[in-house]
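Below are the chains, spelled out letter by letter.
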Amino acid sequence: MDTGRVFRVSGSSDRWKNTRNTIIYLLKDELERLENVFRTIQLVLQDAEVKQRNNEVLHNWLRKLKDAAYDADDVLDQIATAGLRRRWISERGKLGYLTTLTSFFSKRNPLLFHIKIARKVKDTRGRLDALAVERLTFHLREGVMNNQVGVVESRLTSSLVNELEIFGRDEEREMLVQKLLTDQDDLSVCAVWGMGGIGKTTLTQLAYNDERVEKHFDLRIWVCVSVDFSLQRLIKAILESVQRGGCSVTELDPLLCLLQEKLRGKKFLLVLDDVWNENQGLWDPLKEALRCGSKGSGVMVTTRNENIAQTMATDETMSHRIGYLSDADSWSLFKRRAFSRGTEDENLVGIGGEIVKKCGGVPLAIKALGSFMRFKSHESEWLAVKESETWNQPDHGNEILPVLMLSYDNLSPQMRQCFSYCCVFPKDYWMDRDELIQLWMANGFLHEEGQKDLYLIGQFIFKELVWRSFLQDVETYKKGKMKCKMHDLMHDLAESVMRQETYSLVDGNVHKIPPRVRHLSGDFKSLEMIEMKKDKLQPLNVDTLHSLIQLAYSISFKFLSSFLSNQQHLRVLDMRYCTAKELRKFVHKWEHLRFLSMSCSELTTLPESITRLHNLQTLKLTKTDWLRKLPEGLKYMKNLWFVEIENHDSLICTPPGIGELTSLQRLSVFIVGEDSAHQISQLKELNLGGELSIRGLENVRNLKVVKAANMITKRNLVSLNLSWTSRANKISMEHFEVTLEDVQPHHNLEQICISSYQGSRFPNWMSSPAFINLREITLEICEKCEHLPALGKLPALKVLKLVTLDSIRRLGGEWCGDGRSSFVALTKLSLSEMPNLEEWIIPNSHESFLRLRYLDIDTCPKLIGLPFPHVLFNSLEELRFYECDSLGLFPAAILGNMPSLRSLSFICCDKVDPLSGPLQRVVTSLQELVISECPELKCLPESIQQLSALTTLRIVSCLGLCSLPDLIGNLRSLSTFDLSGCVNLTSLSDGTGNLQSLSTFSHYDSGNSTSLPYGGRRWGARLT
């Protein structure tokens, strides 16, 4: 049981002080007595937390204490909120004050409020007095609970995103790799099984990411299965991985057909991680659909269940039980964590060896235990761990739970609360780091320490929980955001601690919901069904919730109305799938609310009643495609830290006086307006981070105030969008240039987008090497700029997108910079809608674009000069031309300068003559060639026979193509051949009969090519 709630109420002196300051003097004595009782009980909490696991009476005492702590917290929050309400009334003027006093019997009447609160405080203190007396019967030791969050060493930053060194898995990894590299005629299935925490996923990842495996397969797909073995869900997950985007198909048969279409003829590796399903009937349809791949395709499965492994594996030789770590490997892993400073105390080594043996060779337990031993430097502390009673605690069928519980016991109360709260989400759920911190803040788990703000403390705790293996699988995704998961065993641990307080409704079993549940998540469909049947179940009478989180769609307004109307104490309400229109009638009931996420799909204006949420810290708005206006009174919500809007394109203005929200750390958009309350100087005092879009920069009235926005000091900004609107053509070029010059961001920035800028030049800061973190730049609709800055000097630039730069005629040495190397980190370059671009050259003395992998040249109708014949592009994998009407010869010899090229496309290029001339050697990298709507293509070049690795050839709507050469039969790897729309193609050559690997042949609207020389049977192809 997590006693952090008791510590939260009793441990924050500022909380008690602030509460006293908001009420009349007569309650002062009652509050002081309440505080003293809490502090008395707090002294024995640490001992009680451990002993209650074997003492049911003590466990019940702690449960009653936590219930009383929750109720006390609610009372204190009511008092503090009353003070915020009075301040809000005062700031908004006399009219608002009179409105609240229209009736003596109103619940806002100060006298009646005081009487009611005084009774609640007295009742709560009475309950706690009784509990304080009862505690004496348990003979608990007193001890001070430390709630300080230790300083996270700088080296921990890299440990968040990189796997620590793996010990003792080399032989098993090599064995798995060899199984994957053995091409079998039928689909092979390899299963890795073993107990939780043993390292099944880690071992599979080692094999999956092995360089030999990566080169062996055309596609690699990773899907986390978990308990829900839903065919539709799994197939959609596979398709989304293959397509790198969403899938809108929902019915099973169309999904299976689409899956086969995407995988047919490709050699793929599919990993199904964490399988729990024992029903062979669910696995068979998926396995059958996966047989469409080419020879050598395979599936890897991880599971805890031996029966599942034997059922799914091809045969016994393909089922592998992962072993425990040896004593030596266990010690190496433990040592890496426990002695992180590189020094080993001889006295501790012997004790540590005994501790490691208790972990039984389970890596998760060893890592968790070693991580917290890192902070213990005295022999007595190590002995205390070795001889702890926790080793003898019942494991409830989970033999390493005592080990994990020992690590949990050594967390600070803040960390315990933050970790255990995570089980409000179901297993295998991806948790966004920033949202986790916001939820921790909303529930009061974080306390200010000196100069550190709550968000910074939350970041420290997140890093510590990752380092100690309580959270794992940390990934960085869009715009610098981070997400993570919990291992199933850690989720079990958190559930065991929070079993009476937290519930995730994912299995539809509402009977399991604890009657005094505080944090609830799920899709709530099952709750709604109970309401429809008028079934009198206890869960619908729950009125104790502090967190309510909706994880999916499908919930009716009728149910929402009846359920939410009972919730008076909510701190967290995540209803991102319900509209604000439905929720606004309840807003006045949620005065405790700190976190609110909701959909605005039916709204053009967010209701002003939102501003009555005086405690609100986080406001998240989704589905905002039609939202035009936010509440005018937003500036009065002084506790706001985060205002995040999913899509703000339709927003016409931001509320006046945003600069008064001095706690604000996230603001998705700021729209510059003409009056002072909307000027860019409003951002001056705001310590903004994350993503920020500044729109309407043409409305800057005085150029001197741009610097006053202090953009250069906002070190936590990750992504910045700067844009002007269509009205910008009324302002001078100087206005553009000075504004962009003075809005210079801090050099920590990672992404920037500049849109509709009409200056003739870009500022020098854009090419400063000081921007060591700048990874992505987008310049769009900058129609008057004739020259680009020296972007090649930016050391971390990975993605560069140039869109609608009408005045750029030449890309030469100026954008590379004056050094010998340029664009050293660039992996993706897009040149789009540049109507006057004629030439792109790279100086001979430059080493440039050495890591470029993706190049897209789109709608550049005058482009003739390209650097390919003279420069090596060793890393280039994908090259695409679209509507490049002046592009003529593209000699096959160019492929010799692109040894890694896998995909080449020419689409709607009127004059292109692709791959003309000879090739000096066989090209073994190119797998896909697309030539579409290129009328000058008369015949396929002879060089095509040397593309030995080509698996996909698409010649689509090329009206000049009349025949195919016999040499096409040399493409022995070709599996997909598309000749659709080639209306003048009269026949296929005899060589096509030699395409031994062909599995898909398409020829829609292609002349008389339906007459095949050897027929589909010879090929085994699917004809369309």
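Look up a bit, the structure's there.
It should be emphasised that the depicted structure is a prediction, and the values quoted were computed from it without experimental measurement.

Student: What exactly am I supposed to notice about the environment of Lys 120 here?
Tutor: Structurally, the position occupied by Lys 120 is in helix α7 (residues 110-134). On the basis of relative accessibility, which here comes to 28%, the residue Lys 120 falls in the partly exposed class. Residues in contact with Lys 120, not counting those within four places in the same chain, are Val 75 and Gln 78. One polar contact links Lys 120 to Gln 78, side chain to side chain, over a distance of 3.0 Å.

Student: Would you take a moment to explain the nonpolar core for this structure?
Tutor: What tends to happen in soluble globular proteins is that the nonpolar side chains get buried as a cluster. Core analysis: the largest hydrophobic core is formed by 150 residues, its most contacted members being Trp 815, Trp 840, Phe 881, Leu 947 and Leu 953. Beyond its immediate stretch of four places on either side in the chain, Trp 840 contacts Leu 811, Trp 815, Leu 829, Leu 831, Phe 849, Leu 855, Leu 863, Gly 865, Leu 866, Pro 867 and Phe 873. One finds Val 189, Tyr 208, Val 301 and Val 385 within the second-largest nonpolar core, a separate group that totals 75 residues.

Student: How should empty space enclosed by the protein be read in this particular structure?
Tutor: If a probe the size of a water molecule is rolled over the atoms, the empty space left behind becomes visible. Taken as a whole, this structure holds three cavities of 30 Å³ or more when the rule is applied. Roughly 50 Å³ of internal volume is contained in the largest cavity. Lining the largest cavity, in full, are Leu 84, Arg 87, Trp 88, Glu 91, His 614, Tyr 636, Met 637, Lys 638 and Asn 639. Here the residues of the lining of the largest cavity are counted per class, giving four nonpolar, two polar and three charged.

Student: Explain the packing of aromatic side chains here, please?
Tutor: The relation between two aromatic rings is expressed through the spacing of the ring centres and the mutual angle of the planes. Considering all chains together, one arrives at 31 aromatic pairs under this definition. Between the aromatic rings of Trp 815 and Phe 849, the centroid separation amounts to 6.1 Å while the plane-to-plane angle is 45°, which identifies the pairing as tilted. Of this pair, Trp 815 sits in the loop between β23 (810-811) and β24 (821-822) while Phe 849 is found in the loop between β27 (847-848) and β28 (854-858), placing the two residues 34 residues apart along the sequence. Each member of the pair Trp 815 and Phe 849 is classed as buried. Centroid distance Phe 868 to Phe 890: 6.1 Å. Interplanar angle 65°. Geometry classified as edge-to-face. Taken together, the residues Phe 868 in the loop between β28 and β29 (878-882) and Phe 890 in strand β30 (residues 889-891) connect sequence positions 22 residues apart. The exposure class assigned to Phe 890 is buried, which follows from its relative accessible area of 1%. These aromatic residues form a ring-pair network of at least three members: Trp 815, Phe 823, Trp 840, Phe 849, Phe 868, Phe 873, Phe 881, Phe 890 and Phe 906. In this structure, Arg 220 is placed above the aromatic ring of Tyr 208, and the distance from its NZ or CZ to the ring centre is 4.7 Å.

Conventions and cut-offs
Residues numbered from 1 in each chain as written. Predicted model: local features only at pLDDT ≥ 70, side-chain atom pairs only at ≥ 80, totals over all residues. Heavy atoms only, no water. Helix = DSSP H or I, 4+ residues; strand = E, 2+ residues; numbered from the N terminus. Buried < 20%, exposed > 50% of the residue type's maximum accessible area, 1.4 Å probe, protein only. Contact = heavy atoms within 4.5 Å. Polar contact = N/O pair within 3.5 Å; in protein donor to acceptor, adjacent residues only side chain to side chain. Core = buried A, V, L, I, M, F, W, Y, C linked by side-chain atoms within 4.5 Å. 1 Å grid on protein atoms, 1.4 Å probe; cavity = no way out; pocket = protein on both sides within 12 Å on 5 of 7 lines; lining within 4 Å. Points joined across faces, edges and corners; volume = space filled by probe spheres on them. Nonpolar A, V, L, I, M, F, W, Y, C, P; charged D, E, K, R; others polar. Phe/Tyr/Trp six-rings, centres within 6.5 Å; stacked < 30°, edge-to-face > 60°. Lys NZ or Arg CZ within 6 Å of the ring centre and 35° of its normal.

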